[in-house]
Amino acid sequence: MYCRFIPYEKRIEEIVSNALKDFNSEVNLTEFVSKLDLSSLEPLLLREYENDFHFRFNPVSMAKAIILKKLKGMKSFEELYDYLESHPDEVKLLGFNSRLPSRRTLSYFYNERISVDVKRIIDAFARISREMMFKKGLIPDVDLSYQHDDNVSERTLRRRKRRYIENLIKFLKENLIHQLPIELKRNSVYTKEDLLNLLLHMAITNDFAENGSRTFGRLSSDTLLYHLRKLRVEEVIESFDRIIDWTYNIARRVIPEFFDMKLDVAIDVTDWLYYGEWDDYVIGTQPKRGTHKAYKFMTICIVENGIRFTLKALPLKTMSERYRVFEELLRFALERIKINRVYLDRGFYDLEYIRILRRLGLNFIIQAQKSIGIRKVIDENKDKKVIIVKDYEIVRKRKPVGRERVNLFIVPHRVNKDDVSCFVTNLDVDCESKALEYAELFRKRWGIETSFRVEGDFRPRTTSKNISVRVFYFLFSVAMYNLWILLNLCVGLRFKSKIPEKPIITAKMFIKEMIDKNIIG
């Protein structure tokens, strides 16, 4: 029968898929609901109303209104009624030809008039619709904009702010749940939300899976690690790319004018220290905290104040593939933003990196190592405060040999007055003031260091040698960091009408709120 739960889920998925095929990136929820083919539900609804001659409203339109309420996350029928009353065009889209049902009629329809089976079908339509939107990377038209109202009291403003933050965190968590690369069977005792909550708990306590599962007390560490170990590295990267892209698209929707500008980015390599035996993806690094081994991840990050999104992160299997990964990150970013300048630390002072940047037509500033050639330049210009050398030649004598010309500028160190900072760039450096300006701009690169530090707050600890677990934990921390940046961005714009320079909501508080917001059940 249609009212038995498992069999009709496939049919609902087909109906939802057909309704979504006309949407590319953003979904107008009322338009989407209006496209849902509920003809198979109509006989059930009409059967329940066959002896009722007083009901004036089409029960299918009523069912669509209930689905819309659930998709928009409305908590009451009064909220649904107020929304529809202020959007008369959407009332017609839902199929109400005469007039809008009252709040009481809407509530009575759902709570008293329809059967449990029909409620389950309506609930399934809303749930499956959300899942398919998130999996396809489609953005529901959730209200993220805000016209500041100076006429409300401080108490009302605080209440609105609190409610907005709660709804937004719930929305972000729901997206994360549906896009996590973990598949559970229908008869699973646990849900993806249970697994996510454990991951969040491990992050906030900076703990391992075993200890986290004991203190969290809902599912075992073996359950979590079993699902993570089954994943392929490529599958994990692909899934988190979708999550990061979805987050970026939400931010772009909130402030499109910002992302239409040219933006500064930085690329860096972060080490996740490792204390075990040599294995795949384990690479040698500078001795630190009792080890010289690490898993290495290269990331590209927007380094503008208040909007330090990490666009992509990739693990390095060996150091020999660093150039390929570097170019892949830049190409990925160029598909999404216009790059103004690329900032790189002295680890990227390398002929091949410069060639890749030039091949892609990008401007760059790289902190240079004090090579023999640069030390010679410093010694020859001891009397100068700022040193500028145009067409300075970088030479690589080892195979493959090569030469590249760049502009070299050397400025006083910001802290140590007896030292200097050296940079190379393809930008025109025609005077001392320009050199000092570029050196000051390079400080933006420290934004990526801040990102690494905060992402560490979102990363569970592990001693696992399984690379899928390691990559999952690292990319999970990147995704959580981006969601935290997005949350602060939305709250700042909505209630302060500006991009916040400092976080309004701390990382720890964000994680706690994510755990507390239940999506399922």
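Structure first, text after, so check above.
Owing to the predicted nature of the structure, the values given are computational and were not obtained by experimental measurement.

Quick look at the overall build of the protein
Right, on to step 1. Helix and strand counts for the protein come out as 21 helices and 11 strands.
Right, on to step 2. If you line up the protein on its principal axes, its C-alpha atoms span 100 × 55 × 40 Å.
Right, on to step 3. Each of the 521 residues in the protein was classed as buried or not, and the buried ones make up 53%.
Right, on to step 4. About 25,800 Å² of surface is accessible on the protein, with carbon and sulfur atoms providing 46% of the total.
Right, on to step 5. Placing the 92 positive and 74 negative side-chain charges of the protein at their respective mean positions leaves the two points 3 Å apart.

Notes on the packing of helix H20 (residues 467–495) against helix H21 (residues 507–516)
Right, on to step 1. In the contact formed by H20 and H21, the axes pass within 11 Å of each other and the chain directions differ by 100°. Judged on the interaxial angle alone, H21 and H20 are roughly perpendicular. Of H21, the residues touching H20 (which contributes Met480, Leu483, Trp484 and Leu487) are Ala507, Phe510 and Met514.
Right, on to step 2. A class-by-class count of the residues in the contact of H20 with H21 yields seven nonpolar, no polar and no charged.

Let's talk about the packing of aromatic side chains
Right, on to step 1. All chains considered together, the criterion is met by 22 aromatic pairs.
Right, on to step 2. Their ring planes at 45° and their centres at 5.4 Å tell us that phenylalanine 171 and tryptophan 246 sit as a pair that is tilted. One end of the pair, phenylalanine 171, is in helix H9 (residues 154–179); the other, tryptophan 246, is in helix H13 (residues 233–254), and 75 residues separate them in sequence.
Right, on to step 3. Ring pairing ties together the aromatic residues Tyr343, Phe409, Phe423, Tyr438 and Phe442, which thus form one cluster.
Right, on to step 4. For the cation-ring pair, lysine 312 lies above phenylalanine 332, with the distance from its terminal atom to the ring centre recorded as 4.6 Å.
Right, on to step 5. The aromatic ring of phenylalanine 332 is capped on one face by arginine 336, whose charged end is 3.6 Å from the ring centroid.

A few points about the pattern of salt bridges
Right, on to step 1. As enumerated under the stated definition, the model contains 32 salt bridges in all.
Right, on to step 2. Glutamate 234 is the salt-bridge partner of arginine 232, the closest N and O atoms lying 3.8 Å from each other. Across the pair, exposure class does not vary: arginine 232 and glutamate 234 are exposed alike.
Right, on to step 3. Among the ionic contacts, a cluster of salt bridges with common partners joins Glu9, Arg127 and Glu131.

Details of a positive patch on the surface
Right, on to step 1. Together, Arg155, Arg158, Arg159 and Arg160 make up a region of like positive charge exposed at the surface.
Right, on to step 2. You can see arginine 158 is positioned in helix H9.

Comments concerning the side chain of threonine 247
Right, on to step 1. Its location among the elements puts threonine 247 in helix H13.
Right, on to step 2. What threonine 247 contacts, discounting residues up to four positions off in sequence, is Phe309, Asn482, Leu483 and Leu486.

Some words on unusual backbone geometry
Right, on to step 1. The backbone of asparagine 206 sits at a positive phi, close to 50°, despite the residue not being glycine.
Right, on to step 2. Looking at the element boundaries, asparagine 206 is found in the loop between helix H10 (192–204) and helix H11 (209–216).
Right, on to step 3. With relative accessibility at 36%, the residue asparagine 206 sits in the partly exposed group.
Right, on to step 4. At tyrosine 281, a position not held by glycine, the phi torsion is positive, near 75°.
Right, on to step 5. Classification of tyrosine 281 by relative accessible area gives buried; the value is 14%.

Observations concerning the side chain of aspartate 345
Right, on to step 1. Along the chain, the position of aspartate 345 falls in the loop between strand E7 (338–344) and helix H16 (351–359).
Right, on to step 2. Here the side chain of aspartate 345 touches glycine 347 through a polar contact of 3.0 Å, landing on its backbone nitrogen.
Right, on to step 3. Aspartate 345 has contacts with Asp268, Ile366, Gln367, Phe442 and Arg445, leaving out every residue within four places of it along the chain.

Some remarks on the nonpolar core
Right, on to step 1. Grouped together as the largest cluster of nonpolar side chains are 121 residues, with contacts concentrated most on Phe259, Phe326, Leu330, Phe472, Tyr473 and Phe510.
Right, on to step 2. Sorting elements by how many residues they give to this core places H20 first, with 21 residues.
Right, on to step 3. Excluding its chain neighbours within four sequence positions, the residues that come into contact with phenylalanine 259 are Tyr248, Ala251, Arg252, Ile302, Ile307 and Phe309.
Right, on to step 4. By size, the runner-up hydrophobic cluster in this structure holds 48 residues, among which are Val16, Val60, Ile66 and Leu138.

What about the pairing of strand E10 (residues 402–412)?
Right, on to step 1. For E10, the buried fraction is high: eight of the 11 residues fall into the buried class.
Right, on to step 2. As judged from the eight bridges shared by strand E9 (residues 387–396) and E10, these two strands associate in the antiparallel manner. Of the residues in E10, the one forming a bridge with tyrosine 392 is valine 406.
Right, on to step 3. Here E9 folds back onto E10 in antiparallel fashion, the turn holding five residues.

Re H16
Right, on to step 1. Taken residue by residue, H16 has Leu351, Tyr353, Ile354, Ile356 and Leu357 as its buried positions.
Right, on to step 2. Looking at the buried positions of H16, the neighbouring elements they touch are strand E5 (291–302), helix H15 (322–334), E7, strand E8 (364–367), E9 and E10.

A short note on the state of the cysteines
Right, on to step 1. According to the stated counting rule, one finds zero disulfides in the structure shown.
Right, on to step 2. The structure places no disulfide on cysteine 301, whose sulfur is separated from the nearest cysteine sulfur, that of cysteine 490, by 17 Å.
Right, on to step 3. Here cysteine 301 falls in the buried class, since its relative accessible area comes to 0%.
Right, on to step 4. With no disulfide of its own, cysteine 431 has cysteine 422 as its nearest cysteine by sulfur position, at a separation of 19 Å.
Right, on to step 5. Owing to a relative accessible area of 28%, cysteine 431 belongs among the partly exposed residues under this scheme.

Let's talk about the environment of isoleucine 505
Right, on to step 1. Relative to the helices and strands, isoleucine 505 resides in the loop between H20 and H21.
Right, on to step 2. Given the relative accessible area of 9%, isoleucine 505 is considered buried.
Right, on to step 3. Sequence separation of isoleucine 505 and glutamate 257 is 248 residues, and the distance between their C-alpha atoms is 24 Å.
Right, on to step 4. Excluding residues within four positions of it along the chain, isoleucine 505 makes contact with Ile165, Trp484, Leu487, Asn488, Val491 and Phe510.

Rules used in this analysis
Residues numbered from 1 in each chain as written. Predicted model: local features only at pLDDT ≥ 70, side-chain atom pairs only at ≥ 80, totals over all residues. Heavy atoms only, no water. Helix = DSSP H or I, 4+ residues; strand = E, 2+ residues; numbered from the N terminus. Buried < 20%, exposed > 50% of the residue type's maximum accessible area, 1.4 Å probe, protein only. Areas by Shrake-Rupley, 256 points an atom, 1.4 Å probe, with all protein chains shown as cover. Lys, Arg positive; Asp, Glu negative; His and termini not counted. Charge placed at Lys NZ, Arg CZ, Asp CG, Glu CD. Axes fitted to C-alpha atoms, helices over the stretch in contact; angles between N-to-C directions. Parallel < 35°, antiparallel > 145°, perpendicular 65-115°, else oblique. Contact = heavy atoms within 4.5 Å. Nonpolar A, V, L, I, M, F, W, Y, C, P; charged D, E, K, R; others polar. Phe/Tyr/Trp six-rings, centres within 6.5 Å; stacked < 30°, edge-to-face > 60°. Lys NZ or Arg CZ within 6 Å of the ring centre and 35° of its normal. Salt bridge = Lys/Arg side-chain N within 4 Å of Asp/Glu carboxyl O. Patch = residues over 30% accessible without salt bridge, like charges linked within 9 Å, V, L, I, M, F, W, Y side chains within 5 Å. Polar contact = N/O pair within 3.5 Å; in protein donor to acceptor, adjacent residues only side chain to side chain. Core = buried A, V, L, I, M, F, W, Y, C linked by side-chain atoms within 4.5 Å. Pairing = 2+ DSSP bridges. Disulfide = S-S within 2.5 Å.

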